[in-house]
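Listed here are the chains, written in short residue letters.
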Amino acid sequence: MTNTKTHKVTLIPGDGIGPEVTDAVVRILEATGVKFDWERFAAGAKAFEKYKEYIPKELYESIERNKLALKGPVTTPVGGGFSSINVTLRKKFELYANFRPIKNLPGLETRYPNVDLIIIRENTEGEYVGLEHEVVPGVVESLKVITEKGSTRIAKFAFEYARKHGRKKIHAIHKANIMKMSDGLFLKCAREVGKGFPEITYGEHIIDNTCMQLVLNPYQYDVLLLENLYGDIVSDLCAAFVGGLGLVPGANLGAEAAIFEAVHGSAPDIAGKDIANPTALLQSAVLMLRHMDESAAADRIQTALEKVYEEKKSLTRDVGGTAGTKAFADAVIAAL
Ligand code: NAI
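Because the structure is predicted, anything quoted here is derived from the model rather than measured. Position labels on residues start from 1 in each chain and follow its written sequence. pLDDT decides what is reported in this predicted model: residues at 70 or higher carry local features, side-chain atom pairs at 80 or more are listed and counted, and totals for whole chains, interfaces and linings draw on all residues regardless. Excluding hydrogens and water, the side-chain figures rest on all heavy atoms present in the structure.

(A) Region of the structure containing the overall build of the chain. Helical segments are the DSSP runs of H or I of at least four residues, strand segments are the runs of E of at least two, and each set is numbered from the N terminus. Scanning the chain from terminus to terminus reveals eleven helices and twelve strands. Taking 336 residues into account, the globule formula puts the C-alpha radius of gyration at 20 Å, and the chain, at 20 Å, falls close to it. Dimensions of the chain, computed from the C-alpha atoms along their principal axes, are close to 55 × 50 × 40 Å. Relative accessibility under 20% of the residue-type maximum defines a buried residue, over 50% an exposed one, and the middle range a partly exposed one, all with a 1.4 Å probe and only protein chains included. Each of the 336 residues in the chain was classed as buried or not, and the buried ones make up 53%. Residues count as neighbours in contact if any of their non-hydrogen atoms are within 4.5 Å of one another. Long-range contacts, defined as pairs at least 24 residues apart, comprise 73% of the intrachain contacts of the chain with a sequence gap of at least 6. A 1.4 Å probe and the Shrake-Rupley method give the accessible areas. Residues count as covered only by the protein chains that appear here. Total accessible area on the chain is roughly 15100 Å²; 55% of this is exposed by carbon and sulfur atoms. Counted as positive: Lys and Arg. Counted as negative: Asp and Glu. His and the chain ends are not counted at all. Charged groups are reduced to one reference atom each: NZ for lysine, CZ for arginine, CG for aspartic acid, CD for glutamic acid. Both charge centroids of the chain, one from 41 positive and one from 43 negative side chains, sit 3 Å from each other. Note on method: radius of gyration uses C-alpha positions; expected globular size equals 2.2 Å times residues raised to 0.38.

Listed below in structure tokens is the structure:
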């Protein structure tokens, strides 16, 4: 049954394709009858124009209050400019677990059928701490920070998730043959946590081999536990198994707050053309509904989405259709 409660949710439409996919998803969410009170904020370059801050104080306060946000992608300048809004929010709210399920949608032909992988990425440490400096002209140091606390808590998250959802295997992915201390610590913590979960098979694979193994046979893996950078890269690789970045959802989870966002970025190459696929953000919103205890609405959207994919009439271009973002959203709403 749909709850009568109104949910206050911070909404960050983002930029590039962000506003288009966010509008589509908000329309679908509202069509379920669940009541939302959206607190809408710009972030990144758009926010700077208005507030002279890349992340306005009001946005931080809104997430602190609501403990919940739905976020479109935000562009990060390459090689200079402001720090990533995504990384900053994840660090600020200690959203240490980045959860990304990789699963096929029925009816959609992809490189691999019946993929069912869970990617669990450490979200606050590693190379993404952003500690870089020029030692002398022409020499730059970039620090990778791995802590026992951070590694243990993400390993716990992965093992507890696996136990709760009946997953059988966890592979910790690393490069501890080269980064003996940092990746070595990550592995040591994972092994230690794993001792408390004897029913779950634990394995370790080196990141480069993992990429090849994934492409050869993704079915050999179940849950992948990765540091921040490896998780970022492997997420995009695995998205291609099930149809690409237009499909794969994500959740940034911490003890105090959660931000739901797709794996993909702002896709400047297709922005403003009404061709982006909103499925990835929609599936992120489905994860959000479950997190909010609105499982009935989550199930309804998932069923409607699957129906639209099975009918194949209203799909976007990235998955072989001709429909626009808005028309796709209309089809999901009609199927609800
Ligand atoms: P991207 O994920 O934006 O795009 C990669 C490719 O996938 C492009 O060809 C794009 O057209 C396609 N694609 C992505 N989402 C799609 C969708 N919903 N429907 C159809 N096709 C889709 O990656 P890119 O180009 O490397 O990054 C662009 C910007 O996004 C950068 O500034 C990057 O920093 C930022 N970014 C932001 C993220 C976030 O806000 N969480 C995550 C990843 C990147």
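(B) Region of interest: the nonpolar core. Buried Ala, Val, Leu, Ile, Met, Phe, Trp, Tyr and Cys residues that are joined via side-chain atoms within 4.5 Å together make up what is termed a nonpolar core. Counting residues in hydrophobic clusters, the biggest one holds 85 residues, and the most contacted among them are Leu 29, Leu 70, Ile 120, Leu 225 and Met 288. When neighbours within four sequence positions are excluded, Leu 29 is seen to be in contact with Val 34, Phe 36, Trp 38, Leu 70, Ala 285, Met 288, Leu 289 and Ile 301. Counting residues in each nonpolar core, the second largest holds 15 residues, with Ile 12, Phe 41, Ile 63 and Ala 257 among its members.

(C) Representation of the pattern of salt bridges within the structure. Every case where a carboxyl oxygen of Asp or Glu lies within 4 Å of a side-chain nitrogen of Lys or Arg is listed as a salt bridge. Per the counting criterion, the structure on display carries 19 salt bridges. A salt bridge links Arg 27 to Asp 330; its shortest N-O distance comes to 2.7 Å. In this pair, Arg 27 is assigned in helix H1 (residues 18-31) and Asp 330 in helix H11 (residues 325-335), connecting sequence segments 303 residues apart. Judged by its relative accessible area of 34%, Arg 27 falls in the partly exposed class. Linked through salt bridges whose partners overlap, the residues forming this network are Lys 8, Asp 37, Glu 39 and Arg 65.

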